Amino acid sequence: MARLKLAILISGRGSNMRALIGGCREGHIDAEVALVLSNKAEAAGLAHAAGAGIATKVIPHGDFPDRVSFDGAVDRALTTAGADFVCLAGFMRLLTPGFIAKWRDRMINIHPSLLPAFPGLDTHRRVLEAGVRITGCTVHFVRFETDTGPIIAQAAVPVLPSDDETRLADRVLAAEHRLYPVALRLVAEGRVRIDGERAVIDGLPAPIGPEDAGAAGGEALLINPGG
Ligand code: GRF
C-alpha cells in the first residue's frame, strides 16, 4: 500500500492532530502529514503544526457564501497539497454531501463517545445527564449523517461518580490521543477494509506503547479484528 499523504482538518486546540503528527514522526504510522488546514485562523493547533515544519492553511468559512463553496475551497487545498487521505480532528464544520462522497473511505473522524451513542455536540454533558457508567471515543469513516460511518476502533472510558464535564472530557481526551494514532496506523497498513457498512480489521496491530496493549488508566482499546 502506498504511503498515505494526510491532510488533518482542525478548528481549535489540535491535541489529536498533535498525536497524529507525533505518531507519523516517530515512525509508528506509515504516513506523512502534507497539510494541516483550519477554518479558524486562531486555531492553536496551527502554530504547533507550523513549528513541526508542516504546511498549514487557513480557509475561513465566513469568507464563503455557502457550505458548498467553502468545501470546494477545502477540496482544492487538499488536492494542491497532494493529500490522499483526510483526518478530521476537532474540525467543527458540517461537510457537504458532495465533499463527503468525494472523500468516501478516505476520510476519518474522532468523536468523544462510544458511537452510535451520543453523536453531535455537548457529548460529555449528555453522557453525564444520561447516567451511563461507561463512555469513550470512536474513530470512524465519515458518512453523510453526523458522526456516523464504519467504526475502526473505540476506547472505553469509565464515568466516575465524581466527574463533571471537564474531568470526564480530560479522561476521554487522553484515550483519544492513544486511539487515533492506532486507528490511523491500521488504515495506513492497509488492514482496514469496509464490508457492507462495517469496518473489518485484518490482524491485530502491534501496540504503539505498553499502554496500548490493553486496559490502561481505566480504559480499554477496542479493535474489532477479523471478518
Ligand atoms: C476532541 O474531543 C474530538 O474528539 C472532538 O473534538 C475534540 C477536539 O480536540 N471531535 P482537539 O482539537 O483534538 O484537542
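Up top you'll find the structure we're talking about.
From a predicted model like this one, the values you see are computed outputs, not experimental measurements.

Draft legend 1. Up close: the environment of Asp105. Positionally, Asp105 belongs in the loop between α4 (97-102) and β5 (107-111). In sequence terms Asp105 and Ile194 are 89 residues apart; their C-alpha atoms lie 8.1 Å from each other. Apart from the residues within four sequence positions on either side, Asp105 is in contact with Phe85, Phe141, Arg143 and Ile194. Within the structure, the side chain of Asp105 is placed 2.7 Å from the side chain of Arg143, a separation counted as a polar contact.

Draft legend 2. Spatial organisation of the site of the ligand. Within the structure, the ligand sits among Arg13, Gly14, Ser15, Asn16, Gly90, Ile110, His111, Pro112 and Glu176. Between the ligand and Ser15 there is a distance of 2.4 Å, counted from an oxygen atom to a side-chain nitrogen or oxygen. Counting residues per element, the ones that place at least two in the shell around the ligand are α1 (15-25) and β5. Each residue belonging to the shell around the ligand can be placed in one class, and the counts come to 2 nonpolar, 5 polar and 2 charged.

Draft legend 3. Inspection of α1 at higher detail. In terms of residue burial, α1 counts as a mostly covered element, since 9 of its 11 residues are buried. Inspection of α1 places Ser15, Asn16, Met17, Ala19, Leu20, Ile21, Gly22, Gly23 and Cys24 among the buried residues, and these make up the whole buried set. Its buried side turned inward, α1 meets β1 (4-10), β2 (31-38), α2 (45-51), β4 (85-88), β5 and α6 (165-188). Gly27 sits one or two positions beyond α1 and adopts a positive phi of about 85°.

Draft legend 4. Inspection of the pattern of salt bridges at higher detail. One pass over the full model with this rule turns up 11 salt bridges. With its nearest N and O atoms 3.7 Å apart, the salt bridge here joins Arg167 to Asp164. Connected through salt bridges with shared partners, the residues Arg104, Asp105, Arg143 and Glu197 form a single ionic network.

Draft legend 5. Helix α5 (residues 123-130), seen in detail. Burial in α5 covers these residues: Thr123, His124 and Val127. Along the axis of α5, the buried positions cluster into a sector of 90°, meaning they face one direction only. Along its buried surface, α5 packs onto β5, β6 (134-141) and α6. Gly131 lies just past α5 and shows a positive phi near 75°.

Draft legend 6. Geometry of unusual backbone geometry. Of note, the amide linkage connecting Leu115 to Pro116 takes the cis form, showing an omega dihedral of 10°. Among the secondary structure elements, Pro116 is positioned in the loop between β5 and α5. Even without being a glycine, Phe118 presents a positive backbone phi close to 55°. Judged by its relative accessible area of 19%, Phe118 falls in the buried class. Positive phi is not limited to glycine here, since Asp122 has a value of about 55°. Mapped onto the fold, Asp122 is located in the loop between β5 and α5.

Draft legend 7. Representation of the side chain of Asn39. Secondary-structure assignment places Asn39 in the loop between β2 and α2. Judged by relative accessible area, which is 3%, Asn39 ranks as buried. A polar atom in the side chain of Asn39 sits 2.7 Å from the side chain of Ser11. Reaching out from Asn39, the side chain makes a polar contact with the side chain of His61 at a distance of 3.0 Å. When neighbours within four sequence positions are excluded, Asn39 is seen to be in contact with Ile10, Ser11, Ile59, Pro60, His61, Phe70, Phe91 and Arg93.

Calculation rules
For every chain, the first residue of the written sequence is number 1, and numbering continues from 1 onward in sequence order. The predicted nature of this model means local features are confined to residues of pLDDT at least 70 and side-chain atom pairs, given and counted, to a pLDDT of 80 or more, with totals for whole chains, interfaces and linings taken over all residues. Here the side-chain values reflect all heavy atoms present in the structure, with hydrogen atoms and water set aside. Segments assigned H or I by DSSP are reported as helices when at least four residues long, segments assigned E as strands when at least two residues long, and all are numbered from the N terminus. Here, two residues are considered to be in contact whenever any of their heavy atoms come within 4.5 Å of each other. Polar contacts, as used here, are pairs of N or O atoms within 3.5 Å; protein pairs need one atom able to donate a hydrogen and one able to accept it. Residues neighboring in sequence count only if both atoms are side-chain atoms. In this text, near means that some heavy atom of the residue lies within 4 Å of the molecule or strand in question. Under the scheme applied here, ten amino acids are nonpolar (Ala, Val, Leu, Ile, Met, Phe, Trp, Tyr, Cys and Pro), four are charged (Asp, Glu, Lys and Arg), and all others, including Gly, are polar. Relative accessible area decides the class of each residue, using a 1.4 Å probe on protein chains only: under 20% of the type maximum gives buried, over 50% gives exposed, and in between gives partly exposed. For salt bridges, the criterion is a side-chain nitrogen of Lys or Arg within 4 Å of an Asp or Glu carboxyl oxygen. The arc in question is the one spanned by the directions pointing from the helix axis to the C-beta atoms.

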